[in-house]
Amino acid sequence: MPAVRRAELTDALTVELVTAVTGARRRALRDGDRQVDTAHLLHSLVEADPETAAAFESPHQRARVLGYLVQRSIGYGLRWQRSVEDTGSDLPVLRGAENAAAGWSPAAAAALAGAFERAASRGDGRVRGLDLLAALAADPGNRAAEVLRRAGVDRHDLAARTGELSQQV
């Protein structure tokens, strides 16, 4: 992603979400993955954004999600390594060659686009972690949704809680 575009992206995100996106990039590099995927985003988001972490039913549920995400690097997610995550979403933002240059999987780019749409529909100029969490939960075919399912998180309930929490702030 060109520096100007990265700066524009950073300006549109809350500090917590910038921290999560940066963490997801580091995590992808450390894991040897070619692109940031939705599981990288979910992992960093839950760790970096207290508002997002609070969207889970309980600390126990959040711990189960993090447990699955930690296992990714020691075996659970090995089948994902060096493969491109694409759920077939038709959202055009950050897709194709532009997406690959940016280092985002198509599904992660679609989730980020969904987070921008959610913030805009709320009339907010800044994208929050809750926006991205809702977008990650909305796509049943992405890696983040698979982690949520395996951890026993109902995606629809999680999306509803993100909406409720968004209204409180």
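All figures in this text were calculated on a predicted structure; none of them were measured in a lab. (Residues numbered from 1 in each chain as written. Predicted model: local features only at pLDDT ≥ 70, side-chain atom pairs only at ≥ 80, totals over all residues. Heavy atoms only, no water.)

Quick notes on helix 9 (residues 143-150)
Here comes step 1: For helix 9, a buried count of 6 out of 8 residues is recorded, marking the element as mostly surrounded by other parts of the structure.
Here comes step 2: Considered for burial, the residues of helix 9 that qualify are Arg143, Ala144, Ala145, Glu146, Val147 and Leu148.
Here comes step 3: Buried residues along helix 9 sit in contact with helix 3 (38-48), helix 5 (59-71), helix 8 (129-138) and helix 10 (155-168).
Here comes step 4: Sitting at the head of helix 9, asparagine 142 places a side-chain oxygen 3.1 Å from the backbone nitrogen of alanine 144.
Here comes step 5: Directly beyond the C-terminal end of helix 9, a positive phi value near 80° is found at glycine 152. (Buried < 20%, exposed > 50% of the residue type's maximum accessible area, 1.4 Å probe, protein only. Helix = DSSP H or I, 4+ residues; strand = E, 2+ residues; numbered from the N terminus. Contact = heavy atoms within 4.5 Å. Polar contact = N/O pair within 3.5 Å; in protein donor to acceptor, adjacent residues only side chain to side chain.)

Section: helix 5
Here comes step 1: Taking 1.5 Å per residue as the helical rise, helix 5 with its 13 residues ought to reach 18 Å, and the 18 Å between its terminal C-alpha atoms agrees with that figure.
Here comes step 2: Buried residues of helix 5: Gln61, Val65 and Leu69, and no others. The arc enclosing the buried residues of helix 5, seen along the axis, measures out at 80°, which places them on a common side. More than 90 degrees from the buried face of helix 5, the exposed residues found are Pro59 and His60.
Here comes step 3: Each element contacted by the buried residues of helix 5 is listed here: helix 3, helix 9 and helix 10. (Expected span 1.5 Å × (residues − 1). Arc of directions from axis to C-beta.)

Some details on the nonpolar core
Here comes step 1: Leu41, Leu42 and Val65 are the most contacted members of the largest nonpolar core, which totals 37 residues.
Here comes step 2: Contributing elements (two or more residues each) for this core: helix 2 (15-31), helix 3, helix 5, helix 7 (106-121), helix 8, helix 9 and helix 10. (Core = buried A, V, L, I, M, F, W, Y, C linked by side-chain atoms within 4.5 Å.)

Considering the confidence of the model for the protein chain
Here comes step 1: Of the residues in the protein chain, 76% have a pLDDT of 70 or more, and the chain-wide mean is 81.
Here comes step 2: For the protein chain, the element scoring lowest by mean pLDDT is helix 6 (residues 96-102), at 48; helix 8 scores highest, at 95.
Here comes step 3: Predicted confidence is poor over residues 88-101, with pLDDT under 50, and the contacts of this stretch with residues over four places away or in other chains come to 23 contacts. (pLDDT = per-residue confidence, 0-100.)

Things to note about the packing of helix 3 against helix 5
Here comes step 1: Direction vectors running N to C along helix 3 and helix 5 enclose 135°, while the axes themselves pass 10 Å from each other. One way to sum up the angle between helix 3 and helix 5 is to call them oblique. Judged by the sense of rotation from one axis to the other, the crossing of helix 3 with helix 5 is left-handed. Facing helix 3, whose interface residues are Ala39, Leu42, His43, Val46 and Glu47, helix 5 presents Arg62, Val65, Leu66, Leu69 and Val70.
Here comes step 2: Across the contact of helix 3 with helix 5, the residue classes break down as 7 nonpolar, 1 polar and 2 charged. (Axes fitted to C-alpha atoms, helices over the stretch in contact; angles between N-to-C directions. Parallel < 35°, antiparallel > 145°, perpendicular 65-115°, else oblique. Left-handed = near helix turned anticlockwise from the far one by under 90°. Nonpolar A, V, L, I, M, F, W, Y, C, P; charged D, E, K, R; others polar.)

Details of the pattern of salt bridges
When charged atoms on two side chains of opposite charge get close, those side chains can pair.
Here comes step 1: Across all of its chains, the model carries 8 salt bridges by this definition.
Here comes step 2: Between aspartate 37 and arginine 143 there is a salt bridge whose closest N-O contact spans 2.7 Å. Residue aspartate 37 is found in the loop between helix 2 and helix 3, and its partner arginine 143 is found in helix 9; the two are separated by 106 residues along the sequence. In terms of burial, aspartate 37 and arginine 143 fall into one category: buried. (Salt bridge = Lys/Arg side-chain N within 4 Å of Asp/Glu carboxyl O.)

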